[in-house]
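Chain by chain, the residues run as shown.
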Amino acid sequence: MLETKTVLRASFLVCLAATALAQDSRTAFTVGTATAQRGQKAYGVLKVPAGVDAGYDIPVVVVNGANPGPVLAVFAGAHGSEYASIVAVENLITLVRPAEVSGTLVLVPIVNVPSFERMVPHVNPTDNKNMNRFYPGSPNGTQTERASYVITKEIVDRCDHLIDFHGGDLDENLRPYSYWTVTGNQKQDEESRAMVLAFGLDHIIISADRPKDPNASRFLENTASTRGKPSFTAEAGRSGPVSTNDVAVLVDGVQRVMGHLKMTRRVVQPVRNPVWIDTLITIAAEQDGVFHPAVDRDAHVTKGQKIGLVTDYLNRPLHEIFASDAGIVLFVRAVPSLKKGDTIASLGVVKK
Ligand SMILES: [Zn+2]
């Protein structure tokens, strides 16, 4: 009798294990050199091999939850001087505990390591390319293209959802907002919309003009979206200093999305009545000079309102900048240095 009981219990355990495996066959999850068993956190790097120029290592952490669930990838630092977003992902590395997670969280705090190390805004100083414009990348291109290719193959192709963090770069005085990408796939768009609302930022840009071709996806979030994975981009932080509030909204936002995706037990109330922005007006410099702003970030400007003045290097007025429509100053140039073609301001026109 005793023996029979033991056998029965053993077969019951085998049965439970088989059920869990059927739901999620990933007992371990590997990204680059980081392999995390169930319930573990692993630290490593994603290797960008050398090619026409040098290779480098992209730091990565895999938080493999104790229970099965979706794979969420969170990135920052495509622009390596957008510091608040980088620090937010660094904080998540420490904060998120695998024992409390269902599914897997992949954290990449600094995509553009050369930019971070050398404090170069906007581009990867190795090849002078914007690291959020060359997806899905190529194994034969320059460093930015090879890094984009490795990220696409190793992470984007294997995740269910992706969040890409940005913020005001060294020259951008930015107010926080998210982007919601409309792909035209209704079910996917509803899921990504729910993720953006769960994230919690109350200004949301509707972007409907992103490329639809997965082989020419350009942006990281769009690489996931064109591959059928509900995803979004969020921006907070500005022009160098790391503010506690900017970091906190990004950190909390990821934890709120994890609750929404049932990766944790957190119950999340989506943001109510956000400001939807459906048109972006980018004002670019027509000539070199010194920029003198007349508005701060988040100013609500009327059509024709003065945004700033451009002078020459001896303070003689060259050009006054006016708003071409009523809108919200999403970011305004944070520094006096101005070269032809630089962005002076980005105005968001609120959806009517
Ligand atoms: Zn950026």
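Notes on the structure in this doc start here. (Residues numbered from 1 in each chain as written. Predicted model: local features only at pLDDT ≥ 70, side-chain atom pairs only at ≥ 80, totals over all residues. Heavy atoms only, no water.)

The helix and strand tally for the protein chain stands at seven helices and 19 strands. Since a compact globule built from 352 residues should have a radius of gyration of about 20 Å, the 23 Å found for the protein chain is in line with a globular shape. By principal-axis analysis of the C-alpha atoms, the protein chain measures approximately 100 × 50 × 35 Å. In the protein chain, buried positions account for 51% of the 352 residues. Long-range pairs, those at least 24 residues apart, make up 69% of the contacts in the protein chain between residues at least 6 apart in sequence. Only carbon and sulfur atoms are counted for the fraction: they give 54% of the accessible area of the protein chain, which is about 16100 Å². On the protein chain, the mean spot of the 36 positive side-chain charges and the mean spot of the 36 negative ones are 5 Å from each other. (Helix = DSSP H or I, 4+ residues; strand = E, 2+ residues; numbered from the N terminus. Rg over C-alpha atoms; globule rule 2.2 N^0.38 Å. Buried < 20%, exposed > 50% of the residue type's maximum accessible area, 1.4 Å probe, protein only. Contact = heavy atoms within 4.5 Å. Areas by Shrake-Rupley, 256 points an atom, 1.4 Å probe, with all protein chains shown as cover. Lys, Arg positive; Asp, Glu negative; His and termini not counted. Charge placed at Lys NZ, Arg CZ, Asp CG, Glu CD.)

Around the zinc ion, the protein contributes the donor atoms H79 (ND1), E82 (OE), E82 (OE) and H166 (ND1), at 2.0 to 2.3 Å from the metal centre. Angles of 58 to 156 degrees at the metal separate the four donor atoms of the zinc ion, which places the site in the irregular class. Read from N- to C-terminus, the donor residues coordinating the zinc ion fall into the pattern H-x2-E-x83-H. Remark: H166 occurs in strand 7 (residues 161–166) and E82 occurs in the loop between strand 5 (67–75) and helix 2 (83–95); sequence separation between them is 84 residues. (Donors = N, O, S within 2.8 Å, 3.2 Å for Na, K, Ca; no water. Tetrahedral: all angles 85-135°; square planar, octahedral: opposite > 155°, others 65-115°.)

Mapping S231 onto the fold places it in strand 11 (residues 231–235). On the basis of relative accessible area, S231 is assigned to the buried category, the value being 1%. A polar contact is formed between the side chain of S231 and the backbone nitrogen of L162, at a distance of 3.1 Å. At a separation of 2.8 Å, a polar atom in the side chain of S231 contacts the main-chain carbonyl oxygen of K229. In this structure, S231 is in contact with H161, L162, S192, M195, E221, A224 and S225, ignoring residues within four places of it in sequence. (Polar contact = N/O pair within 3.5 Å; in protein donor to acceptor, adjacent residues only side chain to side chain.)

For the rest of this paragraph, the subject is unusual backbone geometry. Each neighbour pair has its own omega, and for Y135 with P136 the value is 5 degrees, a cis peptide bond. Counting through the fold element by element, P136 comes out in the loop between helix 3 (113–118) and helix 4 (143–154). Positive phi, normally seen in glycine, also occurs at D298, with a value near 75 degrees. Mapped onto the elements of the fold, D298 is located in the loop between strand 13 (289–293) and strand 14 (300–301). D298 gets classed as partly exposed once you look at its relative accessible area, which sits at 30%. For N315, which is not a glycine, the phi torsion comes out positive at approximately 65 degrees. Relative to the elements of secondary structure, N315 occurs in the loop between strand 15 (306–311) and strand 16 (317–322).

Here the structure, examined in full by the defined rule, presents five aromatic pairs. Taken together, a centroid distance of 5.2 Å and an interplanar angle of 70 degrees make the contact between F199 and F232 edge-to-face. Here F232 lies in strand 11 and F199 lies in helix 5 (residues 186–199), a separation of 33 residues in the sequence. Comparing F199 with F232 shows no difference in burial state: the two are buried. (Phe/Tyr/Trp six-rings, centres within 6.5 Å; stacked < 30°, edge-to-face > 60°.)

Before going further, it helps to spend a moment on helix 7 (residues 244–260). When the terminal C-alpha atoms of helix 7 are compared, their 24 Å separation across 17 residues agrees well with the 24 Å that a helix rising 1.5 Å per residue should span. For helix 7, the complete set of buried residues consists of D246, V247, L250, V251, G253, V254, R256, V257, M258 and G259. Looking one or two residues past helix 7, K262 carries a phi angle of roughly 65 degrees, positive in sign. (Expected span 1.5 Å × (residues − 1).)

Our focus in this paragraph is the pairing of strand 7. Look at any regular strand and the pattern is simple: side chains alternate between the two faces of the sheet. The element strand 7 is largely enclosed, with a buried count of six among its six residues. Here four bridges tie strand 5 to strand 7, and the two strands are oriented parallel to one another. Bridge pairing in strand 7 links V74 to I163. Where strand 7 lies against strand 11, five bridges are found, and the strand directions are parallel. Within strand 11, the position partnered with I163 by the bridge is F232. (Pairing = 2+ DSSP bridges.)

With that settled, the discussion passes to the sheet that holds strand 16. One open sheet accounts for four strands, arranged 16-15-13-18; its pairing is antiparallel. On the outer flanks of this sheet lie strand 16 and strand 18 (337–338), each paired with one strand and no other. Pairing of strand 15 with strand 16 involves five bridges; the strand directions are antiparallel. Pairing of V310 across the sheet is with H319, part of strand 16.

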